[in-house]
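# Summary of structural features
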Amino acid sequence: MTVSFAGFLDRDGMRRRSGLGPLVAIMAALLLLVAGGTDARAETPILQITGAVANQTPITLTRADLEALPQQVIETHTVVTDGLRRFEGPLMRDLLAHFGAEGDEVVARALNDYEITIPVADFEDYDVVAALTMDGERLSPRDRGPIWIVYPRDDHAALQDIRYDYRWVWQLASLEIR
Amino acid sequence: MKGAGPFLRSYGGPALLIGLCVGLLIFALWRLAVIERDMRIEATENMLWVISQTQMEALRLDKAISDHARGTADEDRVVLRYALLLSRLDLLLQGPQQRYLARIEASETIAAHDTAIRNADPETVTGDAAAFAVTNARLEENLAGLHATLNRAANDTMVREWEAIAERLDAYRAAVWQVIGSVIGVLAGWLMIGWRLIANERQLRRAEEERSRALTLEQALRRERAVSAYYRDFAAIVSHQFRTPLAIIDSAVQRLVRRGDAVTAADVARREGAIRDAIHRLTRLVDTALLAGRLDSGQVSVKPRHCDLAVIVRESCAQFRALNPERDIRFASAAATTTAWCDRDLVDHILANLIANALKYSPESAPVELRLFNTGAKIAVAVTDYGPGIAPADRPHVFDRFYRGETGGHSEGSGLGLSLARDLAQLQGGDLGFETWTGRGSVFTLGLPRMFDPDTLPGEEGTQVESRLVNDEKEPAR
C-alpha cells in the first residue's frame, strides 16, 4: 500500500505546487490514515505542521505517516557524534511539498523547547532529511529522536559551518511554515 | 668551471635576494593559510551551553517530580522530562563532548550519574503510584549529585575555554606579526632589488659613454694612421714621380748648355717641347697631390652650379690637343641636353686625369675618343682609348689609391689620379666607372647629375666633405 502510494505521486507536480497539490495532499493523508498499523507507538503523533499549509489546517503526523513518504538515506559525520553515521527519513522538501506548505522559512521547535528558524531554500538547495533512524535504529526522545533534521554535511563544504550546525534540530516536535 | 666564479659574483647576490623575498612571501602565505584553517569554531566550544542545557533539563525533571508529588503534574510529564534529560546526558557522554569532559576529569562522574539515573526509569513503573513515587525519590537523590557535578564542570569549562581563546588569540597575534614582518622583509628586498637595478642602469650608461669615447678615440687614431700611411706612400711613390719630370727638364737644359753657342733654333724648339711637357706633367701632379691631401683632410668644398658639360669637355680636348699636337683627340656629343649640376673645377680635374690616362695607355697612332650622352637622370662623358686594356688582375684595384698596374709596363703615374677622380665624381653626386677589353682598349665613363637633387648632392655651396680615407671600403669598379 505504502509503496504504491509513493509510486503514483508525481514529484515534480508536488514541487511546482500546482492547484492539484492540496487535493493530492488530502488524498494522501486519507490513504495514510488507512495505511496506519495497529502499533500504538506508530499512532502517537510525533510531528505537528502549522502555518502556511494546505487549507491553513494544522497537520499532525505519526511516525507511520513519515515512514510512508519516500525515504532518503544520508551518510554523514555530525558535530556531536563520532564516525560516519547513516540517517534515513523523508526529505524535508518532500515533506513540505506533500502537505502543500508554502512559505519562505520554517520555525522548527523541539521537545526541549529549542527553536530555530530555517530558510526553506536550505531544503531546495540540499537534500536535508527529517531523519527517523540513525544507523538503522529508531531515534527516540531519549537520544535525539524522534526526528532529527540532518544536513548532508559531508557532501557540501558550505554546510561545514556553525551557521548550519545550529539548524540540525533534534527531538523535532513541530514545524511552523511562514 | 671557469665561468662559475664571475657568474656567482654578478648574479649570486640578486638571486639570493629574490630567493629570500620568495621564501618570505611563501612563509607569510603559509602562516595566513594556517590561521584561515584554524579560524573555525569547533562544536566542543559550545560545551558551556551543552552543560547548561543538561543542568536545565535536570532542574525541569526535578520540578516535574515535585509537581507530580503535589499533584499538579501527571506521570507523562515526568516521563517526558526524564527522556529529555537522558537525551542530554547521552549527548554529553558521546564523541567530542565526552572527550572534552574527560579532559576536565568530569566524564566518569557524569557517566556514573547517568547509569544511576537510567536505573531509575519512571516509564517502567507508570500506573503504579507507589513504585513511581519510589523511583522519583531515587531520581531526586541522584539529581542533587548531578547538579553539583554539572556546576563544577561548567566552571572548569568556562576557565578552560577562556584559556583556549586567549591562547588562540596569542597564536593569531604572533602569526599576524610574523606575516607583517615577512611583508616588511619582502618590501625591503624589493627596494634593494630596485636600487640594484637603478645602479646597474647607471653603470651601463657609464660604460656606454666610455665605449663611445673609446670609439671616438679609435676613429681619431685610425685617421691619424691613415694620414701617416698616406704620407709614407706619398713619399715612396709620388716623390719618384716628381723626380721624373725634373730629370727630363734637367737633361734637356744640360744638353742645351753643353752645346753652348752651337745651339740652333730647331734644338731649342725640340727641348722646349720636352721641358714644357715635363712642367705640365709636374704641375698636374702637384695639383693632384694637393687636391688629394685637401680631400683627405676634409677641406675640399664643392660648389656645384648648372654648367654646360659640352663646353667643359670641348675645352679640355682643346687643351690636350695643344699639348699633344701629334695625337688624335676626338669629341662627339649625342646628348639632347648637355647641362649638368656640377663643380666645373672638379670636373676639369677629372677629365684631365681621364684624358691623360687614355693618352698614356694607348699607342700614339690610336685616337682617344670623348663622347657625351644622356643616360637616365644623368649626363655622361665616356673617354675611350684603344690601348691594351686593363689586365684582369688589376681590374678590382683600378680605383685603389697608390695602386699602379704591374702588367702595363708603364712606370709613370702616381696611383692617385683615378682614385681621386672617382672621389671627386662622388662628391658631386656623380660616379665614375669603366669597361675594358684586353687588347682592345678601355672606356671610362663619368656620370654627373643633370639637375640639383638634395638626396644625392651636397647642395649648399662650400659643403665640407668628410675625408674619404676614414672610410676604408672602396666600392668595386663597375
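Residues numbered from 1 in each chain as written. Chains lettered and ligands numbered in written order. Predicted model: local features only at pLDDT ≥ 70, side-chain atom pairs only at ≥ 80, totals over all residues. Heavy atoms only, no water.

### What to know about the confidence of the model for chain A
For chain A, mean pLDDT is 80; residues scoring 70 or higher make up 76% of the total. Overall, residues 1-39 of chain A carries pLDDT values under 50, and its contacts beyond four positions in sequence, including any with other chains, amount to 33 contacts. (pLDDT = per-residue confidence, 0-100. Contact = heavy atoms within 4.5 Å.)

### With respect to the packing of helix α7 (residues 265-296) of chain B against helix α10 (residues 417-427) of chain B
All names here are of chain B. Between α7 and α10, whose axes approach to 10 Å, the crossing angle comes to 50°. Compared by their axis directions, α7 and α10 come out oblique. Where α7 crosses over α10, the two elements pack in a sense that is left-handed. Of the residues in α10, those touching α7 at T288, L291, A292 and L295 are G417, L420, D423, L424 and L427. Counted by class, the contact of α7 with α10 contains 6 nonpolar, 2 polar and 1 charged residues. (Axes fitted to C-alpha atoms, helices over the stretch in contact; angles between N-to-C directions. Helix = DSSP H or I, 4+ residues; strand = E, 2+ residues; numbered from the N terminus. Parallel < 35°, antiparallel > 145°, perpendicular 65-115°, else oblique. Left-handed = near helix turned anticlockwise from the far one by under 90°. Nonpolar A, V, L, I, M, F, W, Y, C, P; charged D, E, K, R; others polar.)

### So, the packing of aromatic side chains
A complete count under the given rule lists 10 aromatic pairs over all chains for this structure. With centroids separated by 6.4 Å and ring planes inclined at 25°, the aromatic side chains of Y151 of chain A and W168 of chain A adopt a geometry described as stacked. Placement of Y151 of chain A in the loop between β10 (148-150) and α8 (162-165) and of W168 of chain A in the loop between α8 and β11 (172-177) is noted, with a sequence separation of 17 residues between them. Pair check on accessibility: Y151 of chain A and W168 of chain A agree, each one buried. With a centroid separation of 6.1 Å and an interplanar angle of 40°, the aromatic rings of F27 of chain B and W30 of chain B are classed as tilted. Remark: W30 of chain B and F27 of chain B occur in helix α1 (residues 4-38); sequence separation between them is 3 residues, near one turn of the helix. (Phe/Tyr/Trp six-rings, centres within 6.5 Å; stacked < 30°, edge-to-face > 60°. Buried < 20%, exposed > 50% of the residue type's maximum accessible area, 1.4 Å probe, protein only.)

### Topic: the environment of D135 of chain A
Residues and elements named next belong to chain A. Position of D135 among the secondary structure elements: in the loop between β8 (133-134) and β9 (137-138). Judged by relative accessible area, D135 falls into the partly exposed class, the value being 39%. In the structure, D135 is positioned 60 residues away from E75 in sequence and 9.2 Å away in space, judged by C-alpha atoms. Apart from the residues within four sequence positions on either side, D135 is in contact with L84, R85 and R86. Side-chain polar atoms of D135 contact the side chain of R85, separated by 3.2 Å. (Polar contact = N/O pair within 3.5 Å; in protein donor to acceptor, adjacent residues only side chain to side chain.)

### Section: the state of the cysteines
Residues and elements named next belong to chain B. In this structure the tally under the stated criterion is 0 disulfides over all chains. Considering cysteine sulfurs only, C307 is the nearest to C342, which forms no disulfide, with 3.9 Å between them. Of the residues examined, C342 reaches a relative accessible area of 0% and is grouped as buried. (Disulfide = S-S within 2.5 Å.)

### Section: the interface of chain A and chain B
Facing 16 residues of chain A, the contacting portion of chain B comprises 23 residues. One can count 5 salt bridges joining chain A with chain B. For D90 of chain B, the salt bridge is made with R144 of chain A, and the minimal N-O distance between the two is 2.9 Å. Scanning the region where chain A abuts chain B turns up 10 residue pairs in polar contact (both at pLDDT 80 or more). When the residues that make up the side of chain A that touches chain B are grouped by side-chain class, the tally is 7 nonpolar, 4 polar and 5 charged. (Salt bridge = Lys/Arg side-chain N within 4 Å of Asp/Glu carboxyl O.)

### So, unusual backbone geometry
Most peptide bonds take the trans configuration, and most residues that are not glycine carry a negative phi. Residue and element names in this part refer to chain A. Note the cis peptide between G145 and P146, where omega equals 0°. Turning to its location among the elements, P146 is positioned in the loop between β9 and β10. Positive phi is not limited to glycine here, since D135 has a value of about 50°.

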